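Chain by chain, the residues run as shown.
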Amino acid sequence: MQPLLIPERLKETRERLGITRVEAARRMNIPQSSYVRYEKGDRKPTHATIVQMAQVLGTSVDYLIGESDDDRADTAVIHKKDNPILYEITMGAKDLDEAQLNRLLKYYKEIAKKSGR
């Protein structure tokens, strides 16, 4: 069964970003008329479209479909051309075991603490 988008959450998330329906549709690469119908609940998006919406709006699919009240993103998309260093770190980390990943995380937290994050 296909997940059902909660239109109010789509609208709320878009408004929190301070973007118009036109801009949201542009960023999602879908027709404005389709986006408006999704936000009004007149049209049901596919799962792939909901995933795209979540990525563009910086939230999670689970939030948009009502399976979570946590509106924070639960995935990150890293494009090699936009951030080659982070992309390289991410791709390299995929082959690390849990102990190595924990060491990498600890190192990151130390760097973040020193930079005031």
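Since we're looking at a predicted model, the values are computed, not measured.

A. Structural context of a nonpolar patch on the surface. A surface patch of nonpolar side chains, about 490 Å² in accessible area, is lined by I85, L86, I89, L96, L101 and L104. Counting residues per element, the nonpolar patch draws most heavily on helix α6 (residues 84-93), which supplies three residues. Following the sequence through the fold, L104 ends up in helix α7 (residues 98-114).

B. Here's a closer look at the side chain of T13. As for its placement among the helices and strands, T13 is situated in helix α1 (residues 7-17). Excluding anything up to four places from it in sequence, T13 contacts L57, T59, Y63 and L64.

C. Representation of the packing of aromatic side chains in the model. Going through the model one piece at a time under the given rule, you end up with zero aromatic pairs. In this structure, R9 is placed above the aromatic ring of Y63, and the distance from its NZ or CZ to the ring centre is 4.3 Å.

D. Structural detail: the nonpolar core. Within the largest apolar cluster, 18 residues are counted, with the highest numbers of intra-cluster contacts made by L5, L10, M28, Y35, M53 and L64. For this core, the elements supplying multiple residues, two or more each, are α2 (21-28), α3 (32-40), α4 (47-57) and α5 (61-64). It is α4 that provides the largest number of residues to this core, a total of five residues. Contacts of M28, omitting those with residues within four sequence positions, involve Y35, Q52, M53, V56 and L57.

E. Spatial organisation of the packing of α1 against α4. Between α1 and α4, the shortest axis-to-axis distance is 10 Å and the interhelical angle comes to 25 degrees. Put simply, α1 runs roughly parallel to α4. Between α1 and α4 the crossing geometry is left-handed. Taking contact as the criterion, the partners of L10, T13, R14 and L17 in α1 are, on α4, M53, V56 and L57. For the contact of α1 with α4, the per-class residue count stands at five nonpolar, one polar and one charged.

F. Structural detail: the packing of α1 against α3. For the pair α1 and α3, the least separation of the axes is 6 Å and the interaxial angle reads 120 degrees. Looking at the two axes, α1 sits oblique to α3. Along the contact surface, α1 presents P7, L10, K11 and R14, while α3 presents Y35, Y38, E39 and K40. A per-class count over the contact of α1 with α3 returns four nonpolar, no polar and four charged.

The rules behind these values
Residues numbered from 1 in each chain as written. Predicted model: local features only at pLDDT ≥ 70, side-chain atom pairs only at ≥ 80, totals over all residues. Heavy atoms only, no water. Patch = residues over 30% accessible without salt bridge, like charges linked within 9 Å, V, L, I, M, F, W, Y side chains within 5 Å. Areas by Shrake-Rupley, 256 points an atom, 1.4 Å probe, with all protein chains shown as cover. Salt bridge = Lys/Arg side-chain N within 4 Å of Asp/Glu carboxyl O. Helix = DSSP H or I, 4+ residues; strand = E, 2+ residues; numbered from the N terminus. Contact = heavy atoms within 4.5 Å. Phe/Tyr/Trp six-rings, centres within 6.5 Å; stacked < 30°, edge-to-face > 60°. Lys NZ or Arg CZ within 6 Å of the ring centre and 35° of its normal. Core = buried A, V, L, I, M, F, W, Y, C linked by side-chain atoms within 4.5 Å. Buried < 20%, exposed > 50% of the residue type's maximum accessible area, 1.4 Å probe, protein only. Axes fitted to C-alpha atoms, helices over the stretch in contact; angles between N-to-C directions. Parallel < 35°, antiparallel > 145°, perpendicular 65-115°, else oblique. Left-handed = near helix turned anticlockwise from the far one by under 90°. Nonpolar A, V, L, I, M, F, W, Y, C, P; charged D, E, K, R; others polar.

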